[in-house]
Amino acid sequence: MVEVKLWQRIIGLLLVLMTALFLVIWAWNAAFRITVLAPDRLRAILNDNQIYAEIIPQALPFLIDSVNPEIPLPPMSEVVEIIGDEAWREVTNTLLPPDWLKAEVKRAASAFLHLIQGNINILDESLNLEPLVNRLQGEPAEQAAALILDAAPACTARQQAIIQAVVAGETDEPLPICNPTTSQSRELSIGVITGTLNVIGDVFEERVITYRELFGLQNPEDVEVILLLFEGYNRLSLGLLLGAGALLSLIVVFTVRSLKSFGRWIGATHIVAAITAVIPLLLLSLALVNMFSQALNVSNEAERIRVSLVVNTLQSGFTSFSSIVLMFAGVSMIIGIILLVVAMFAPGRSPMITTGAVLMTPDGQVVQLTDSQAAEGGIPTPKLERQE
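Residues numbered from 1 in each chain as written. Predicted model: local features only at pLDDT ≥ 70, side-chain atom pairs only at ≥ 80, totals over all residues. Heavy atoms only, no water.

1. Quick look at the overall build of the protein
Test applied: In this description a helix means any DSSP run of H or I spanning at least four residues, a strand means any run of E spanning at least two, and both kinds are numbered starting from the N terminus. The contact definition used throughout considers only heavy atoms, calling two residues in contact when any of these lie within 4.5 Å. Surface accessibility in these figures is a Shrake-Rupley result with a 1.4 Å probe; residues are shielded only by whichever protein chains are displayed.
What the protein contains, in helices and strands, is 15 helices and 2 strands. Of all intrachain contacts in the protein linking residues separated by at least 6 positions in sequence, the fraction that spans at least 24 positions is 78%. Here the protein displays about 21300 Å² of accessible surface, and carbon together with sulfur accounts for 62% of that area.

2. Side note on a nonpolar patch on the surface
This is how it is decided: Patch building starts from residues that exceed 30% relative accessible area and form no salt bridge, then joins like charges within 9 Å and nonpolar side chains (Val, Leu, Ile, Met, Phe, Trp, Tyr) within 5 Å. Any Lys or Arg side-chain nitrogen found within 4 Å of a carboxyl oxygen on Asp or Glu counts as a salt bridge.
Together, Val252, Leu259, Phe262, Ile334, Ile338 and Val342 line one region of the surface with nonpolar side chains, adding up to about 480 Å² of accessible area. It is helix α14 (residues 301–345) that provides the largest number of residues to the nonpolar patch, a total of 3 residues. Along the chain, Ile338 falls in helix α14.

3. Section: the packing of helix α6 (residues 98–116) against helix α12 (residues 220–255)
The test is simple: Helix axes use the C-alpha atoms of the stretch in contact, all axes being lines fitted to C-alpha atoms, and the angles between their N-to-C directions lie in the range 0 to 180 degrees. Angles below 35 degrees are treated as roughly parallel, those above 145 as roughly antiparallel, those between 65 and 115 as roughly perpendicular, and all remaining angles as oblique. Polarity classes work like this: nonpolar for Ala, Val, Leu, Ile, Met, Phe, Trp, Tyr, Cys and Pro, charged for Asp, Glu, Lys and Arg, and polar for all others, with Gly in that last group.
Viewed as axis vectors pointing N to C, α6 and α12 meet at an angle of 75 degrees, and their least axial separation amounts to 9 Å. Accordingly, the angle class assigned to the pair α6 and α12 is roughly perpendicular. For the pair α6 and α12, contact is made by Phe112, Leu115 and Ile116 and by Val223, Ile226, Leu227 and Phe230, respectively. Among the residues making up the contact of α6 with α12, the classes are represented as 7 nonpolar, no polar and no charged.

4. Observations regarding the packing of helix α4 (residues 76–83) against helix α5 (residues 85–95)
Running from N to C, α4 and α5 point in directions that differ by 120 degrees, and their axes come no closer than 6 Å. It follows from the interaxial angle that α4 and α5 lie oblique. The segment α4 lies against α5, with Met76, Val79, Val80 and Ile83 engaging Asp85, Ala87, Trp88 and Val91. Here the residues of the contact of α4 with α5 sort into 7 nonpolar, no polar and 1 charged.

5. Digging into a negative patch on the surface
Note the threshold: For the purpose of counting charges, residues Lys and Arg are taken to be positive, whereas Asp and Glu are taken to be negative. His and the chain ends are not included. One atom stands in for each charge, and that atom is NZ of Lys, CZ of Arg, CG of Asp or CD of Glu.
Taken together, the side chains of Glu130, Asp202, Glu205 and Glu206 define an acidic patch exposed on the protein surface. Tracing the backbone shows Glu205 in helix α10 (residues 183–206).

6. Remarks on the confidence of the model for the protein
Basically, it comes down to this: By definition, pLDDT measures how confident the predictor is in each residue, and it falls between 0 and 100.
On average, residues of the protein score 77 in pLDDT, and 74% of them reach the 70 mark or higher. Low pLDDT (under 50) marks residues 351–356, which in the prediction has 18 contacts with non-local residues, meaning those over four places away or in another chain.

7. Quick look at the nonpolar core
Inclusion rule: In this description, a nonpolar core means a group of buried Ala, Val, Leu, Ile, Met, Phe, Trp, Tyr and Cys residues linked to one another through side-chain atoms lying within 4.5 Å. Buried, partly exposed and exposed residues are distinguished by accessible area as a fraction of the type maximum, computed with a 1.4 Å probe on protein chains only: under 20%, between the cut-offs, and over 50%, respectively.
By size, the foremost hydrophobic cluster in this structure holds 58 residues, and its most contacted members are Leu63, Ile83, Trp88, Ile193, Leu197 and Phe204. For this core, the leading source of residues is α6, giving 8 residues. Once residues lying within four places of it in the same chain are set aside, the contact partners of Trp88 are Pro57, Leu60, Pro61, Met76, Val79, Val80 and Ile83. Ranked by size, the runner-up nonpolar core spans 15 residues in total, among them Trp28, Ala244, Phe321 and Val325.

8. Re the packing of aromatic side chains
Formally: Any pair of Phe, Tyr and Trp rings, taking the six-membered ring for Trp, is counted once the centres come within 6.5 Å. Such a pair is stacked with planes under 30 degrees apart, edge-to-face with planes over 60 apart, and tilted for the rest.
Per the counting criterion, the structure on display carries 4 aromatic pairs. Ring geometry for Trp26 and Phe328: centres 6.5 Å apart, planes at 65 degrees, overall edge-to-face. With Trp26 in helix α1 (residues 2–37) and Phe328 in helix α14, this pair connects stretches of sequence that are 302 residues apart. For Phe328, a relative accessible area of 16% gives the class buried. Plain terms: the ring middles of Phe112 and Phe215 are 6.0 Å apart, the flat faces sit at 80 degrees to each other, and that makes the pair edge-to-face. You can see Phe112 sitting in helix α6 and its partner Phe215 sitting in the loop between α11 (211–214) and α12, a full 103 residues away along the chain. With a relative accessible area of 29%, Phe112 lands in the partly exposed category. One aromatic cluster in this structure is built from Phe112, Tyr211 and Phe215.

Below you can see the structure in the form of structure tokens.
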């Protein structure tokens, strides 16, 4: 009997841990869907101007890399390194219409939501590059060229000579990104940079960038993998909830014999779930910091802008996500404490026979004897242990 009880408790403890884990994963999954994947929440996140402040400086190199034009300038990453992040931000604000970028990012986010819902045709739609083309082919291009030169260090004598050679077509070296010491060299440099931006605008005018290319999903197998992952993810929430309910039922079957034991086991399950739900929040915050650091270290601009968008979106939703998880933990903890209090005052399981004996009288009546009465009459009295 003792061995059976021991195995019941071991199985009960395992079921408690498994149930708590199922409940926690379900709560985290629900919080993620509400704060990140819900369309309304995603739109609210994308209305945060801080996200675009991070994206805008990376957007222009990403777009230029996507068309890969032959230009007499160093790589854009090198230009950014020379003039500094703040100056480059001013350049990109001049060349990229902020309202246009916001609109295109929201369209891209909407396209991704349509994709995970199974609409593959959305991948063949393309970005609207006309506002960008107008800036690159217009007066903002010359303003951007002046901003680049003003932020660059002063040209050396050798760089001055290379500028002259680039303009005359006597060298294949790229135009040095430096601030010319003479007005003539400055005009020549501004002319080369402005002309280069105009050429990039011409390329964009003929270029079509689809969402398939933007998301890096040129391979059909990659699209199928994403659809399968999100189809499984959509079924995860219901499966977790049903699994937790099934495990709770098993706990009742294996361990619960009274209201007292019900309060103890089910209450402990909710308390374990509450604690388990809160602890990983710290690990998640550290993971987001690490992801942000990795996004800054990525050399490929296309990959950097994608990672940056994901990281900034997750960071913006982390506060709401944490609030939902903490709400679940609080409710679960309150339920657990209430059940434990009930267990403290609830009676244990009452045995059908405790002490004494039953005697049948000659006239057919049943009489309950006490221990002392049974002992005086020599009648054995079976005793059962009280179980909870």
